[in-house]
Amino acid sequence: QTLHQPEHTAHDGVERRLSRRLAGRCWPQAFQLQQKMTPSPSSIERFQIELEFVQSLANADYLAHLAQTLHLVGTPDFKRYIAYLQYWRRPEYAKHVMFPHCLRILELLQDEIFCDALKDSRYVEFLKEQQYLHWLHRSNPVYQGVPPAAMSSTPAHLASRGSR
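Residues numbered from 1 in each chain as written. Predicted model: local features only at pLDDT ≥ 70, side-chain atom pairs only at ≥ 80, totals over all residues. Heavy atoms only, no water.

### Some details on the overall build of the protein chain
Okay, step 1: Broken down by element type, the protein chain carries 10 helices and zero strands.
Okay, step 2: The 164 residues of the protein chain split such that 30% are buried.
Okay, step 3: The contacts of the protein chain with a sequence gap of at least 6 include a subset with a gap of at least 24, amounting to 68%.
Okay, step 4: Roughly 11,300 Å² of accessible area belongs to the protein chain as shown, and the carbon and sulfur atoms make up 57% of that amount. (Helix = DSSP H or I, 4+ residues; strand = E, 2+ residues; numbered from the N terminus. Buried < 20%, exposed > 50% of the residue type's maximum accessible area, 1.4 Å probe, protein only. Contact = heavy atoms within 4.5 Å. Areas by Shrake-Rupley, 256 points an atom, 1.4 Å probe, with all protein chains shown as cover.)

See the structure below:
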């Protein structure tokens, strides 16, 4: 079964990678070569590149780098690229994602308030703490929306604390 790939856009990063590869060569030759080459990555290559970028959004330090150092977050080009990548939230694509936080971050990057908050290092630390706490407690039924009364019994190590 093949996945329907969204139309090729100029925002997929291939042109930028090509330019970086050619930057080490003599500029006039590199420019001519770049003009002759029409970068059209295969569907598999584009899928892998976009998946890697989407999953990197789960890294709060990378988000801070995009917002604070590169000043990309909030720019019109970045907004268009994030809007384009929203297809990753559909089930047929999301099943390939290993870090589910990235899908929520992908959604939040469309919010101006969230984008502005990423420029504050304290907010980035808060985001990292929340991700860690989610990871730490992800298997606890209380944090999965299961009411405490539905739990079969109190774990022994917690029950022994109450008797001290």
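### Thoughts on the side chain of Gln-131
Okay, step 1: Position of Gln-131 relative to the elements: it lies in helix H9 (residues 121-137).
Okay, step 2: The exposure class assigned to Gln-131 is buried, which follows from its relative accessible area of 13%.

### What about the packing of helix H3 (residues 43-56) against helix H5 (residues 76-84)?
Okay, step 1: Running from N to C, H3 and H5 cross one another at 110°; their axes reach a closest spacing of 12 Å. Accordingly, the angle class assigned to the pair H3 and H5 is roughly perpendicular. The crossing of H3 and H5 is left-handed. When H3 is examined against H5, the residues Arg-46, Glu-50 and Phe-53 are found in contact with a partner set consisting of Phe-78, Tyr-81, Ile-82 and Tyr-84.
Okay, step 2: Split by residue class, the contact of H3 with H5 holds five nonpolar, no polar and two charged. (Axes fitted to C-alpha atoms, helices over the stretch in contact; angles between N-to-C directions. Parallel < 35°, antiparallel > 145°, perpendicular 65-115°, else oblique. Left-handed = near helix turned anticlockwise from the far one by under 90°. Nonpolar A, V, L, I, M, F, W, Y, C, P; charged D, E, K, R; others polar.)

### Brief notes about the pattern of salt bridges
Okay, step 1: Per the stated rule, a full pass over the model turns up 10 salt bridges.
Okay, step 2: The residue Glu-112 makes a salt bridge to Lys-79 at a minimum N-O spacing of 2.6 Å. Of this pair, Glu-112 sits in helix H8 (residues 112-117) while Lys-79 sits in helix H5, and the two are 33 residues apart along the sequence.
Okay, step 3: Of the charged contacts, one joins Glu-92 and Arg-90 as a salt bridge, the two residues approaching to 3.0 Å between their closest N and O atoms.
Okay, step 4: The partly exposed category is assigned to Arg-90, whose relative accessible area is 34%.
Okay, step 5: Each of Asp-61, Glu-125 and Lys-128 takes part in a single network of salt bridges with overlapping partners. (Salt bridge = Lys/Arg side-chain N within 4 Å of Asp/Glu carboxyl O.)

### Here's the deal with H9
Okay, step 1: Between the first and last C-alpha of H9 there are 24 Å, a value that for 17 residues agrees with the 24 Å anticipated at 1.5 Å per step.
Okay, step 2: Looking at the packing, one finds that the buried side of H9 touches helix H4 (60-69), helix H7 (101-108) and H8. (Expected span 1.5 Å × (residues − 1).)

### Notes on unusual backbone geometry
Trans is the common state for peptide bonds, and a negative phi is the common state for residues other than glycine.
Okay, step 1: Unusually for a residue other than glycine, His-71 sits at a positive phi of about 55°.
Okay, step 2: Its place among the elements puts His-71 in the loop between H4 and H5.
Okay, step 3: The class for His-71 is exposed, based on a relative accessible area of 53%.

### Looking at a nonpolar patch on the surface
Okay, step 1: On the surface, Tyr-132, Leu-133, Trp-135 and Leu-136 cluster together into a nonpolar patch covering about 420 Å² of accessible area.
Okay, step 2: Inspection of the secondary structure puts Tyr-132 in helix H9.
Okay, step 3: When its relative accessible area of 47% is taken as the criterion, Tyr-132 is described as partly exposed. (Patch = residues over 30% accessible without salt bridge, like charges linked within 9 Å, V, L, I, M, F, W, Y side chains within 5 Å.)

### Observations concerning the nonpolar core
Okay, step 1: In this structure, Leu-57, Val-73, Leu-85, Trp-88, Leu-109 and Leu-118 are the most contacted members of the largest nonpolar core, which totals 32 residues.
Okay, step 2: Residue assignment for this core shows that the elements contributing at least two residues are H3, H4, H5, helix H6 (91-94), H7, H8 and H9.
Okay, step 3: A total of five residues in this core trace back to one element, the largest contributor, which is H4.
Okay, step 4: Beyond its immediate stretch of four places on either side in the chain, Trp-88 contacts Phe-47, Glu-50, Leu-51, Val-54, Tyr-93, Ala-94, His-96, Val-97, Leu-103 and Leu-106. (Core = buried A, V, L, I, M, F, W, Y, C linked by side-chain atoms within 4.5 Å.)

These figures capture arrangement, not role.
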